[in-house]
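# Examining the three-dimensional arrangement
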Amino acid sequence: MEFEQHVDNRSLLRVGLIGNPVAHSYSPRFQQAAFDACGIPARYELWQTGESELPARVAALLAPQFLGANITIPYKEAVLPLLDVVDSLATRIGAVNTIVHRNEYLYGYNTDAPGLLHALVELGVGKLREPHYPAALQSDDRVNTKEASSDTARVARTSQFDGIYLKDTFSFAGFTAVLLGAGGAARGAAFALVNASVEQLIIVNRNLERAQRLAAELQQESSCQVFCLNDPELLIPRPTSLIINATPVGMHVADKQGIREAENACPLPVEVLARFAPDTVVFDMVYNPTQSQLLCQARTLGLRAVNGLSMLLHQGALAFTLWTGRPAPLEVMRSTLL
């Protein structure tokens, strides 16, 4: 197996986070703990990367000691043309957050989408049909874009996280999901939910046209009812609702002045939140701070309020399995985030 060849060829393996900024990331906490718990001689690093440095940084992952990388803001879209193979779900979402170095090729995946679904199932939202993570991509599933020039050649024919995997693994039948945002994070959540058979998806975004474009893409591969709103005041709560914030509103970000909030406003007015039933789950992808204004307001109203740490954990566990071909020590990883 290729992973064992990595271990044999280098005493210390390397994997890291590519982005700008990266200093605030929690990923080194649980990924290093996972490598250590499994006895894998690897180091998880933070790789602050400027835009002009991105191609060279990605190309460097082809060196024998690199298992791959995680990708974060602002490069989840920019890395796609730099890879040899892109998983079909990641292609449709238009974003990669995990790169795997295997058999002298770089594979791109989006583990954010299935990571979200795993996190929601842990909360009792939806059902898990197959209680295991997929194994690493096998070498005969490869599409060689070093010898092919078309855009479609960058899509792996056999996908780890395609619609079939999501349909076979998760069921969100009967749920109505209210998705705040239509950007990259929202796209991942939207494709994950419609492939997991969510009954209705309501996209709330200030730019209505952007939301409608996303809805049109979703309708091409699902019979799910997708609605778009640019004013949250128009929301009419439905039974068995789930609210997901996929905007950066309320996030702590690092800048030259230290830590600040991306925006002070709550992405959903409190008077709109108050319309939802007490069993509604409000899931905020933001995990820093752990208690965003949205979650505080939801909790005050008696709603179930959950931050994005569980999604971070599960997307990271899926990445670990892709890098190593081994089950992730989930509880070891979880303990570092408590």
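Given the structure is predicted, the values throughout are model-derived calculations rather than measurements. (Residues numbered from 1 in each chain as written. Predicted model: local features only at pLDDT ≥ 70, side-chain atom pairs only at ≥ 80, totals over all residues. Heavy atoms only, no water.)

Turning our attention to the overall build of the chain. Of regular secondary structure, the chain possesses 12 helices and 16 strands. Taken across its 338 residues, the chain has 56% of its residues classed as buried. Put simply, of all contacts in the chain between residues at least 6 apart along the chain, 73% involve residues at least 24 apart. Accessible surface, the chain as shown: approximately 14200 Å² in total, 52% of it carbon and sulfur. (Helix = DSSP H or I, 4+ residues; strand = E, 2+ residues; numbered from the N terminus. Buried < 20%, exposed > 50% of the residue type's maximum accessible area, 1.4 Å probe, protein only. Contact = heavy atoms within 4.5 Å. Areas by Shrake-Rupley, 256 points an atom, 1.4 Å probe, with all protein chains shown as cover.)

Moving on to the pairing of strand 15 (residues 281-284). Alternating residues of strand 15 divide into Val-281 and Phe-283 and Val-282 and Asp-284, and every residue in both groups is buried. Pairing geometry for strand 15 and strand 16 (residues 304-306), over 3 bridges, is parallel. Bridging from a neighbouring strand, Phe-283 pairs with Val-306 of strand 16. At this point the chain moves from strand 15, through helix 10 (residues 293-300), to the parallel strand 16, and the crossover so formed is right-handed. (Pairing = 2+ DSSP bridges. Right-handed = clockwise from strand over helix to strand, strands pointing away.)

Bringing helix 7 (residues 184-195) into the picture now. End to end, helix 7 covers 17 Å across 12 residues, agreeing with the expected 16 Å (1.5 Å per residue, within 8%). With respect to burial, helix 7 is a largely interior element, 10 of its 12 residues being buried. For helix 7, the complete set of buried residues consists of Ala-186, Arg-187, Gly-188, Ala-189, Ala-190, Phe-191, Ala-192, Leu-193, Val-194 and Asn-195. (Expected span 1.5 Å × (residues − 1).)

Positionally, Thr-247 belongs in the loop between strand 12 (241-245) and strand 13 (252-255). Looking at Thr-247, its side chain comes within polar contact range of the side chain of Asn-245, at 2.7 Å. Ignoring sequence-local partners within four residues, the contact set of Thr-247 consists of Leu-180, Gly-181, Pro-267 and Val-286. (Polar contact = N/O pair within 3.5 Å; in protein donor to acceptor, adjacent residues only side chain to side chain.)

As a further point, take the sheet that holds strand 2 (residues 42-48). What the 6 strands build is an open sheet, ordered 2-1-3-5-6-4; its pairing is mixed. Looking at which strands have only one partner, the edges of the open sheet turn out to be strand 2 and strand 4 (85-86). Direction of pairing for strand 1 (residues 13-19) relative to strand 3 (residues 66-71): parallel, over a ladder of 5 bridges. Counterpart to Val-15 in the pairing with strand 3 is Gly-68. Sitting on the sheet, helix 2 (residues 27-37) touches strand 1, strand 2 and strand 3, and the angle it makes with strand 2 is about 160°. Against the sheet, helix 11 (residues 309-324) engages strand 1, strand 2, strand 3, strand 5 (98-102) and strand 6 (105-109), with an angle of about 10° to strand 5. (Axes fitted to C-alpha atoms, helices over the stretch in contact; angles between N-to-C directions.)

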